[in-house]
Amino acid sequence: MSGGELATFIGSLALVDHHSHGVAAGPLDGPAFEALLSEGGAPAPGMSNFDTPLGLALRRWCAPALGLPPHAAPQDYLARRAELGAAEAAARLLRSTRTHEYLIDTGFRSDELLDPARFAAVSGARAHEVVRLEAVAETLAGASVRPAGFADAFEAALEEATVGAIGLKSIVAYRGGFDFPPDPPAPTEVRRAAESWLGSGARRLDHPVLLRHVLWSGIRRGLPLQLHVGYGDPDLVLHRTDPSRLTGFLKLTADSGVPVLLLHCYPYHRHAAYLAAVLPHVHLDLGLAIPHVGARAAALLAETLELAPFGKLLYSSDAYGLPELYLLGATLFRRALARVLGDWLDEDALARSDAEHIARSICRHNAERVYGLGPA
Amino acid sequence: MSGGELATFIGSLALVDHHSHGVAAGPLDGPAFEALLSEGGAPAPGMSNFDTPLGLALRRWCAPALGLPPHAAPQDYLARRAELGAAEAAARLLRSTRTHEYLIDTGFRSDELLDPARFAAVSGARAHEVVRLEAVAETLAGASVRPAGFADAFEAALEEATVGAIGLKSIVAYRGGFDFPPDPPAPTEVRRAAESWLGSGARRLDHPVLLRHVLWSGIRRGLPLQLHVGYGDPDLVLHRTDPSRLTGFLKLTADSGVPVLLLHCYPYHRHAAYLAAVLPHVHLDLGLAIPHVGARAAALLAETLELAPFGKLLYSSDAYGLPELYLLGATLFRRALARVLGDWLDEDALARSDAEHIARSICRHNAERVYGLGPA
Amino acid sequence: MSGGELATFIGSLALVDHHSHGVAAGPLDGPAFEALLSEGGAPAPGMSNFDTPLGLALRRWCAPALGLPPHAAPQDYLARRAELGAAEAAARLLRSTRTHEYLIDTGFRSDELLDPARFAAVSGARAHEVVRLEAVAETLAGASVRPAGFADAFEAALEEATVGAIGLKSIVAYRGGFDFPPDPPAPTEVRRAAESWLGSGARRLDHPVLLRHVLWSGIRRGLPLQLHVGYGDPDLVLHRTDPSRLTGFLKLTADSGVPVLLLHCYPYHRHAAYLAAVLPHVHLDLGLAIPHVGARAAALLAETLELAPFGKLLYSSDAYGLPELYLLGATLFRRALARVLGDWLDEDALARSDAEHIARSICRHNAERVYGLGPA
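Since this is a predicted model, take the numbers as computed values, not measurements.

**Focus: the overall build of chain A**
Along chain A, the regular secondary structure elements total 16 helices and 10 strands. Each of the three principal axes of chain A carries a C-alpha extent, and together these read 60 × 50 × 40 Å. Scored against the burial criterion, the 376 residues of chain A give a buried share of 64%. For chain A, the share of sequence-separated contacts (at least 6 apart) that also reach a separation of at least 24 residues comes to 76%. About 12700 Å² of surface is accessible on chain A, with carbon and sulfur atoms providing 52% of the total. Each charge class in chain A can be summarised by its mean position, and for the 34 positive and 42 negative side chains these summaries are 1 Å apart.

This is the structure we're talking about:
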C-alpha cells in the first residue's frame, strides 16, 4: 500500500466528529466572519485574521469547495460566499467533510447557532447533543432556588437537560483551570458556596466549590465526560489547563466507568497522550488545534501518537460558527493521519493492515465505542 | 559517508546502557507480558497494550529476533516466545542489542527480576549495580532504629549497600515531585521527620524531609546520581517532575563534583537538555521514552539535540521486566541517532568525523567517563 | 517558485535585528571566546563549548566567512580569527548578515561591548538603542534618592535614559520570573519597597514590588516593551519564565497601545505564539534559541508558525559579545524560513505571493511597524 493508497483509504472513511458547536444561524459580514477565524476574536488594528496559518488553510481548502481556485484572496472568498448565500455555503462545506455523525455542545451562545436538528438537516448527517455542565448550573441563577436546595435542583436540572443527550462537557479550564482539590466537595461546602453564588446575582458560574460539585455530578450522571484542555480563547490561562494538573481527579475517577475525553489539549497534547496511556478511562482529541495550525496538523498528530494508545484518540473539529472550520478540521485531520501513517508505512514501522485498523479506530470506531453510537 | 554508512557505523558501536532494571526471573503469561508493555499496567477493558506505538515497534523489531516475520500478530509472538522458553527468548533478545555494559537499578521489585550477576550471564555483558536511595532508607522501616539515630543508620546502610555499586538513584519524582526546598534539611528536622515516619509503621518513604535528606546523603556519598524525571507510571504527577523544578537543587550541587543524570525526561527533554547545557554536572538520557514512542524516537532525539552538549547525553533503555524493552531501546536508539546525524550530514551541518565522534560519545564514551568504567 | 528560488528571495531580504547586545570591544582569547558560546559560560571541566549544536553551526557557517573551509577545527578557527584581528573578523561576520537595522539592548555589561554608534560603524548598518528598565533603576542605588522620591526619580531617570531610544526591555524573568501580581503596585507599596531596597545597599534590583513598578512605568512610558522569556543563563528558573504566567499582565496591558515583544521564548515558543494569536499587542521572536539550536532552527520556527499570526513574529539574533552569533542568527533564521515556507510551497499549502509576503513581514516589515522605523 503506497502513501497515496492510504490517503485514499482514509479519505473514504466516514468520520464521527465527537465535539463541535454548530454553525452560525444567519449570514455573517466580513468582520463577523473574520472574528470567528481567531480565538482572540477581531484582529489587532491594521491586521487581518486571514494572515495566519488558519487563514492560509482556509484559502487553500475551502475556496475550491465553493468553486474558487486554491489560495483565492480573502475578499474573493468572502464575495463568493455571499453570492452563494450562507446556507448554501454551509451545506457545501459541511457535506465535503464526509462526516456521518456529529456531537454538538449546545452550551455556548447556542441562540446564535443552528441547533442539532437544524444542523443535521444542513449537514446531511446525524447530530447528537452534548450538554455543558456549567450552562445547566447557570440556568439556576436567578431562579428561586434556595442554597440548601441547590444540589438537588442541579441534579434535577441535569437529569432533565440530558434526556436524549449522549455526553457531558465541562469548561472548568475556563473558570480557573485545573488546580482544584480533586475530590468532590462536601454537602455543607456546596450549600455555603451556593449561598454565596446565588446571593451574588451573577450568572457566570465561577465559584470553585460549585465548579467541582458540578463536575462530580457529571461523573455521577454517568455519561462520557468531555473536558476542555489547553488551547482556547484568552479567558483561560494556558498553563493552568495543563491536563497533568487534572491527574488527581483523573485517578479518583479511573474506576467510575465514565470515559473522560480531553479536548484539544494543545500545546499539552503529549501530556494528554501520556494520561491516556496510563489511565484506563482517559481519551483525547486534537480538535480546535488541528484546523488552526493548518499545514502543521501532521506534526501535532505525530507528537500525540508517541504515547497515545490507538484506541484512545478520537477525531473532532471543535468547529464553532463557521462551516469552514468543519471542512478544515476534517480535511487537515485526514491529511495528517495519512501523512503520519504513510511515513510509518514507508519506514516499514507497521503493516498495511495495522495502518487501516488505526485509521478506522481514530476516525470512527473509538467514538462509536465511547458514546455507544449505534447504526443510523 | 552516506546515511547508510553512518547507520552501519552506529550499528557497530558497543552500547553502555547506563540505566535499566533487569528482566523477569521466570516465565510470563500473556496478561503478565502485556501488563509490562505499559506504564499503566494492564490494558483498559477490551483493549490491548499491543495496540500502541510500543506494540507496533515490538512486533516490528522483536519478532524477527525470535525468528518470526516483522509485524507478526501478538498471539503469534507470544506463542513463539513460549515455544522458545523465557530464558532462550531473553538471551536472543538481549544479545541482539550489542550492549557491552549494563547499569542495573536493583531497588524496585528486585525479587521478581534477575539480579545483576544472573543478568550478566544471560546477556553476555558486564552488569553493574546502581543503588536506589529510597529503597535503602526503607530497609530501616521496622528495624530497631531510634529517630535520633536515623541519619547515622542511613549513612551506614548506604555505605554498606553501595559496596561494589557504581551509581545511586533517586525516585523523589514519584514521592511528590521536585517542588521541595533545594537545600539539605537540618539535623533536627531530620530527627523529627524520622520520628514521624518510623512511628507511622509505613514502609514507603514519603516524608518530604527524609526524601531530601536521603537525596543529599546521596550527594555526599559521591557516586553519580541518577534522578527519575518525567514519564513514568501514574504514581507520579507529570508536571511536578519537570526538571526545571530541580533548578535550585542542581545549582546547589553544581560544584559538588557529583555528576547528576536526569533519566527519561519526556516530555521535558528540552528542559533537561537546557539544564545540561548551562550546568556543568548535569547529564540526561531518553530511556523509557525511546522504546515507548516507537517510530517517533528520532523526533525526541532531535529535540534533545537542540541544546544538549554532545558530552552530556547518554544511552539507556530503562527496560524493566521484558527483554524486548532492551532490544527496542537499543534498536530504536541506534536508528534515531543514525537518522538525526544522517539528516545533518545530508544538510552538510557537520563533518563525517563529527558525526562519528558524537555517536561514540553518546553510545558509550560519556557513560564510561561519568561512571569511571574501565576495561573489562 | 521552487524551494531554491524562495531561499534566494529570502537571502536577498534586508533584516531588521530587533534585539541584540553588541560585540566585545576588544580581542578575546580562546577561553573568553568559548565562554561566550554557552549560556552556562565556561565549559564543564574536560569539555569544550564547541562540542555542541552551536559549535557545529559556528564551524559550518562562520569558518567560510573568515576564509576557512566549512567545519574547520576549533583551533584553526580561533587561529584564523586571531590572524585577522578581532575588528576585521567582526566586520566580515557582521557584514555577511545583510542586516540593515539593529536594536541594541545597552543594559548588560555595556562597558565590555561596543556602544551602538561604534557597532553601527563596524557593521555598516543603522543601530538604535533599547533601554533596559532594571538597569535604569539600578543607577538610583547608591544615589541620594529618598524612598518617597523613588518613583519620581525613576520616572525622571527613565525619561532621560530613553531620549533617542526606540524601545524598552525588562528582564523580570531573571528576577524571580513571571508569577507576580499582574497589576501595578500602589504608591505606598512602592515607597516601602524603595525604603527596603535603597536601605539594603544592594545594587541588583530584585525587590518584587519595584520590579513590577518598573515594568508598569515602562508601559506608561509608551515605547515598545521587550520581555525576556524562556531560555537564558542559569540565573533564571526555566518554568517560571513560561509566558503563560504573564497572561494577567498581558491582558491588563492589551489596550495600552504599547506593543509587547516576547523574546526568545524557547522552549515555550508555542505558548508565546498562542498569546500572540489571542492578544492584540503581543509579538514574539526566536532570538538566542535559533543560533544555539543550530541545525534544528527550522523545527523551532515551524512550531512557532502553528499559531503565530504572520504579522506578530519578528527576527532577532539576541547576539551577545561574539559577531559569530550575529552571523549564525541571520543565516540559520533565513535558512529556517526558507525551509518552512519551502515545505509549505511544495505541499501547495500557500501561494508563492503568500510566501513572499510572510517572509517580508517577518524579516523586516513587522519590526518596522512595531518600532516605527523610518527610511535611513
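**Overview of the relation of the copies chain A and chain C**
Comparison of the two chain copies shows a relationship of rotation about an axis with a shift along it. Placing chain A over chain C gives an RMSD of 0.0 Å and needs a rotation angle of 120°, together with 0.0 Å of translation along the axis. Here the transformation between the copies is reduced to the relation of a three-fold axis. Counting the interface residues of chain A, we find that no more than 6% of their copies in chain C are interface residues as well, pointing to two distinct contact surfaces.

**Some thoughts on the interface of chain A and chain C**
Taken together, the 35 residues of chain A in the interface contact 33 residues of chain C. Buried area between chain A and chain C, summed over both chains or domains, comes out near 2800 Å², and the portion from carbon and sulfur atoms is 57%. When the buried area of chain A at its contact with chain C is split by residue, Asp51(A), Leu56(A) and Arg296(A) rank highest and sum to 21% of it. For the interface between chain A and chain C, the tally reads five salt bridges. One salt bridge connects Arg296(A) with Glu306(C), and the closest N-O pair in it is separated by 2.8 Å. Broken down by element, the side of chain A that touches chain C gets its largest block of residues, four residues, from helix α3 (residues 53–65) of chain A. Classifying every residue of the side of chain A that touches chain C gives 16 nonpolar, eight polar and 11 charged.

**Focus on the sheet that holds strand β6 (residues 225–229) of chain A**
Here eight strands make up an open sheet; going across it, the order is β1-β3-β4-β5-β6-β7-β8-β9 (chain A) and the pairing parallel. Every other strand in the sheet has two partners, leaving β1 (15–20) and β9 (313–314) of chain A as the edge strands with one partner each.

**Observations regarding the interface of chain B and chain A**
How large an interface is tends to be reported as the accessible area lost when its parts come together. Listed as interface residues are 35 residues of chain B and, on the opposing side, 33 residues of chain A. Counting each side, the surface lost to burial between chain B and chain A is near 2800 Å², with a carbon and sulfur contribution of 57%. When the buried surface of chain B facing chain A is broken down by residue, Asp51(B), Leu56(B) and Arg296(B) rank first, second and third, together holding 21% of it. Our count for the contact surface shared by chain B and chain A stands at five salt bridges. Across the chain B-chain A interface, the total number found is 16 residue pairs in polar contact (both at pLDDT 80 or more).

**Remarks on the packing of aromatic side chains**
Taken as a whole and assessed by the stated rule, the structure comprises 39 aromatic pairs over all chains. Note on Phe33(B) and Phe50(B): the rings are 6.1 Å apart at their centroids and 15° apart in plane angle, and the pair reads as stacked. One end of the pair, Phe33(B), is in helix α2 (residues 30–35); the other, Phe50(B), is in the loop between α2 and α3 (53–65), with 17 residues separating them in the sequence. Of the two residues, Phe33(B) and Phe50(B), both sit in the buried class. Both rings, one in Phe33(C) and one in Tyr77(C), keep their centres 6.2 Å apart while their planes meet at 50°; by these two values the pair is tilted. Of this pair, Phe33(C) sits in helix α2 (residues 30–35) while Tyr77(C) is found in helix α4 (residues 74–84), placing the two residues 44 residues apart along the sequence.

**As for the side chain of His213(A)**
By the element assignment, His213(A) lies in helix α10 (residues 208–221). Non-local contacts of His213(A), meaning those with residues more than four positions away in its chain, are made with Phe150(A), Ala151(A), Pro185(A), Val190(A) and Arg220(A).

**Things to note about the domain arrangement of chain A**
Residues and elements named next belong to chain A. Each assigned domain of chain A is listed here: domain 1 (3–27 + 96–371) and domain 2 (36–84). For domain 1 and domain 2, the distance between their C-alpha centroids amounts to 26 Å. Domain 1 puts 22 residues into the contact, and the matching count from domain 2 is 14 residues. Buried surface at the junction of domain 1 and domain 2, summed over both partners, amounts to about 1400 Å²; 73% is from carbon and sulfur atoms. At the boundary of domain 1 with domain 2, the tally comes to one salt bridge. Residues Arg81 and Glu324 are paired through a salt bridge, measuring 2.6 Å at the closest nitrogen-oxygen approach. The interface formed by domain 1 and domain 2 includes four residue pairs in polar contact (both at pLDDT 80 or more). Of all the secondary structure elements, the ones that give two or more residues to the side of domain 1 that touches domain 2 are α13 (289–293), β10 (320–321) and α15 (323–346). If you tally residues by element for the side of domain 1 that touches domain 2, the top one is α15, at eight residues.

**Considering the relation of the copies chain B and chain A**
Superposing chain B onto chain A takes a rotation of 120° combined with a translation of 0.0 Å along the rotation axis, leaving an RMSD of 0.0 Å. An overlap of only 6% is found between the interface residues of chain B and their copies at the interface of chain A, pointing to separate contact surfaces.

**Some points on the packing of helix α5 (residues 86–95) of chain C against helix α15 (residues 323–346) of chain C**
Residue and element names in this part refer to chain C. Interhelical geometry of α5 versus α15 gives an angle of 15° and a closest axis separation of 8 Å. As the angle between them shows, α5 and α15 are arranged roughly parallel. As for how α5 packs across α15, the hand of that crossing is left-handed. Residues Ala90, Leu93 and Leu94 of α5 form the contact with α15, whose own contacting residues are Pro323, Glu324, Tyr326 and Leu327. Across the contact of α5 with α15, the residue classes break down as six nonpolar, no polar and one charged.

Calculation criteria
- Per chain, residues are indexed from 1 in the order of the written sequence.
- Lettering for chains starts from A, numbering for ligands starts from 1, and both go in the order in which the items are written.
- Totals for whole chains, interfaces and linings use all residues, but because this is a predicted model, local features are given only for residues with pLDDT of at least 70 and pairs of side-chain atoms are given and counted only at 80 or more.
- Side-chain calculation: all heavy atoms of the structure are included, whereas hydrogens and water are not.
- Only DSSP runs of H or I with at least four residues qualify as helices, and only runs of E with at least two residues qualify as strands; both kinds are numbered from the N terminus onward.
- To sort residues, take the accessible area from a 1.4 Å probe on protein chains only and compare it with the maximum for the residue type: under 20% means buried, over 50% means exposed, and anything in between is partly exposed.
- Residue contacts are counted whenever heavy atoms from the two residues lie within 4.5 Å of one another.
- Where accessible areas are quoted, they stem from the Shrake-Rupley method and a 1.4 Å probe; at the residue level, only the protein chains shown are allowed to cover.
- Only four residue types enter the charge count, namely Lys and Arg as positive and Asp and Glu as negative; His and the chain termini do not.
- To locate a charge, the coordinates of NZ of Lys, CZ of Arg, CG of Asp or CD of Glu are taken.
- In this comparison the copies share one frame, found by least squares on the C-alpha atoms of residues holding pLDDT of at least 70 in both.
- Accessible surface is computed with a 1.4 Å probe, and the buried area is the amount of it that two parts give up when combined, taken over both parts together.
- Throughout this description, the term salt bridge denotes a Lys or Arg side-chain nitrogen within 4 Å of a carboxyl oxygen of Asp or Glu.
- Throughout, the ten residues Ala, Val, Leu, Ile, Met, Phe, Trp, Tyr, Cys and Pro are labelled nonpolar, Asp, Glu, Lys and Arg are labelled charged, and all others, Gly among them, are labelled polar.
- What makes two strands pair is DSSP finding at least two bridges between them.
- Any N or O atom pair separated by 3.5 Å or less is treated as a polar contact, with the protein-specific requirement of one donor-capable and one acceptor-capable atom, and with residues adjacent in sequence counted only for side-chain atom pairs.
- Two aromatic rings from Phe, Tyr or Trp, using only the six-membered ring of Trp, form a pair when their centres are within 6.5 Å; if the ring planes differ by under 30 degrees the pair is stacked, by over 60 it is edge-to-face, and anything between is tilted.
- Boundaries of every domain are those given by an automatic assignment or by a domain database.
- Here the axes come from fitting lines to C-alpha atoms, over the contacting stretch only for helices, and the angles between their N-to-C directions go from 0 to 180 degrees.
- Angles below 35 degrees are treated as roughly parallel, those above 145 as roughly antiparallel, those between 65 and 115 as roughly perpendicular, and all remaining angles as oblique.
- The sense of a crossing depends on the near helix, which, turned anticlockwise from the far helix by less than a right angle, makes the crossing left-handed and, turned clockwise, makes it right-handed.

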